[in-house]
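The chain contents come next:
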Amino acid sequence: MSSVTMSDNTRMGEFWRGVRLSIPVVVASAPFAILFGALAIDNGFSVAEATLMSATIYGGASQLVGIELFGQHVAPWLVVLSIFAVNFRHVLYSAAVGKRIDHWPFLKQAIGYFFLVDPQYAEAERKGENGEEVTFAWYMGMALPIYVFWVAESALGALFGRLIPNPHAIGLDFLLPIYFLGLVMSFRKRPRWLPIVVASAVASMIAYKTVGSPWHVSIGALAGVLFAAAMPVRPDETVSADDTAEVVS
Amino acid sequence: MSTTLWIIIAGAVATYLTRIGGHLVISRFERIHPRVEAGLNAVPAAVLTTLVAPAALSAGPAELAALAVAVLVSLRGGLMTMFLAGAAVLIAMRHFIG
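Residues numbered from 1 in each chain as written. Chains lettered and ligands numbered in written order. Predicted model: local features only at pLDDT ≥ 70, side-chain atom pairs only at ≥ 80, totals over all residues. Heavy atoms only, no water.

(A) Structural view of the confidence of the model for chain B. The share of residues in chain B with pLDDT of 70 or more is 95%, and the mean pLDDT across the chain is 88. When mean pLDDT is compared element by element in chain B, helix H4 (residues 61–76) of chain B scores highest at 95, while helix H2 (residues 34–50) of chain B scores lowest at 84. (pLDDT = per-residue confidence, 0-100. Helix = DSSP H or I, 4+ residues; strand = E, 2+ residues; numbered from the N terminus.)

Below is the structure:
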């Protein structure tokens, strides 16, 4: 059991616990960072621009959508709007994670929200649900390695990416969906998980075929969330620590 | 300033707004309604599903097999095990089927 007071020792311990959680994310996101770098060059970005995009936007799916639209010479405002649409899910992460970190000083919160990517949100949420405090040291311990590797590997991908002989053969294009599917599965103990997933899947597929990308992300997500909110509230369905215990990977 | 740079900076600002925006809006409410709470609980599964489903829609046998194996492995193993198993199936099947 950790003590209630926050000494430098426990702060370091928290930081390294965060670093440990970052390892699978660093490994899993490496192909996407390299892929992004390579595709960015293909679509007319310079190495510096590709690296800057990773450093400032720091959102893989939105960056890939952004450079693809840029390469198709879509109007700049539409590229920005698409990046916004793909990242719109973070509004929901931010709302959910806010109650876990609102005891941090303002500047730390402002910094923390910058690093609020999918796995960061998932781990913060899991830590909070297990009844543990989401500390700034732990949060940055997880965030910094993911961020540093993301930016560095984007640059590497931009420099060397076109040396990959056959991206299709090594599955580069489909690793992202597999990874996201794993994240979906990790939330399966939550109330009404399956109907929510079905609602989002159906809505996003219909939106993908009709409205088109990237709006299927926001539309599909909204369908699942609205479905969950519209269902009758049952008191026995609150999420407990037990529900998420086996999620830990 | 080049168009590319403008897109990157505007995209970064838009992205940061999404990451801080939810908190700024929700924190104005003193108590969270149970329905809002239920909706927020659904967020990760709902959002992440939309990043998988359309990809599955246009997937071939190799991709579908990879997703199926990933689901099965995730019932027992952790995220990394699942990811490696799915990737292995994908690469192997693409190698043999094309």
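Picking up after the structure, the text goes on.
(B) Layout of the packing of H4(B) against helix H5 (residues 79–97) of chain B. Residue and element names in this part refer to chain B. Two elements in contact, H4 and H5, have axes separated by 8 Å at closest approach and are oriented at 155 degrees. Overall, the two elements H4 and H5 adopt an arrangement that is roughly antiparallel. In this structure, H4 crosses over H5, and the sense of that crossing is right-handed. Packed against H4, whose contacting residues are Pro-61, Ala-62, Glu-63, Ala-65, Ala-66, Val-69, Ala-70, Val-73 and Ser-74, the element H5 presents Thr-81, Met-82, Ala-85, Gly-86, Val-89, Leu-90, Met-93 and Arg-94 at the interface. (Axes fitted to C-alpha atoms, helices over the stretch in contact; angles between N-to-C directions. Parallel < 35°, antiparallel > 145°, perpendicular 65-115°, else oblique. Left-handed = near helix turned anticlockwise from the far one by under 90°. Contact = heavy atoms within 4.5 Å.)

(C) Examining the environment of Ile41(A) more closely. Secondary-structure assignment places Ile41(A) in helix H1 (residues 8–42). Separated by 178 residues in the primary sequence, Ile41(A) and Ile219(A) have C-alpha atoms spaced 30 Å apart.

(D) Representation of the interface of chain B and chain A in the model. Taken residue by residue, the interface counts 60 residues in chain B and 82 residues in chain A. For the chain B and chain A pair, buried surface summed over both sides reaches about 6300 Å², with 77% attributable to carbon and sulfur atoms. Here chain B and chain A share one salt bridge between them. Lys99(A) is paired through a salt bridge with Glu37(B); the nearest N and O atoms lie 4.0 Å apart. Taken together, chain B and chain A are joined by 19 residue pairs in polar contact (both at pLDDT 80 or more). Mapped by element, the contributors of at least two residues to the side of chain B that touches chain A are helix H1 (3–26), H2, helix H3 (53–57), H4 and H5 of chain B. In terms of residues, the side of chain B that touches chain A owes the most to one element, H1(B), which gives 19 residues. Of the residues assigned to the side of chain B that touches chain A, the class counts are 39 nonpolar, 16 polar and five charged. (Buried area = accessible area lost by both parts, 1.4 Å probe. Salt bridge = Lys/Arg side-chain N within 4 Å of Asp/Glu carboxyl O. Polar contact = N/O pair within 3.5 Å; in protein donor to acceptor, adjacent residues only side chain to side chain. Nonpolar A, V, L, I, M, F, W, Y, C, P; charged D, E, K, R; others polar.)

(E) Layout of the nonpolar core. The biggest cluster of nonpolar side chains holds 91 residues, and the ones touching the most others in it are Ile178(A) and Tyr179(A). Sort the elements by how many residues they give to this core and helix H8 (residues 136–160) of chain A lands first, with 10 residues. Residues within four places of Ile178(A) in sequence aside, it is in contact with Ala66(B), Leu67(B), Ala70(B), Met82(B), Phe83(B), Gly86(B), Ala87(B) and Leu90(B). (Core = buried A, V, L, I, M, F, W, Y, C linked by side-chain atoms within 4.5 Å. Buried < 20%, exposed > 50% of the residue type's maximum accessible area, 1.4 Å probe, protein only.)

(F) Quick peek at the pattern of salt bridges. Residues and elements named next belong to chain A. If you walk through the whole model with that rule in mind, you get 12 salt bridges over all chains. Residue Asp-8 pairs with Arg-11 through a salt bridge whose shortest N-O separation is 3.2 Å. Remark: Arg-11 and Asp-8 occur in helix H1; sequence separation between them is three residues, near one turn of the helix. It is possible to trace a salt-bridge network through shared partners that takes in Glu-14, Arg-17, Lys-127 and Glu-132.

(G) Looking closely at a nonpolar patch on the surface. Residues and elements named next belong to chain A. A contiguous nonpolar patch, built from Trp-77, Leu-78, Leu-81, Val-211, Trp-215 and Ile-219 and spanning about 540 Å² of accessible area, is present on the exposed surface. The set of elements that each furnish at least two residues to the nonpolar patch consists of helix H4 (76–87) and helix H11 (215–230). Among the elements that line the nonpolar patch, the one with the most residues is H4, at three residues. Turning to its location among the elements, Val-211 is positioned in the loop between helix H10 (193–209) and H11. (Patch = residues over 30% accessible without salt bridge, like charges linked within 9 Å, V, L, I, M, F, W, Y side chains within 5 Å. Areas by Shrake-Rupley, 256 points an atom, 1.4 Å probe, with all protein chains shown as cover.)

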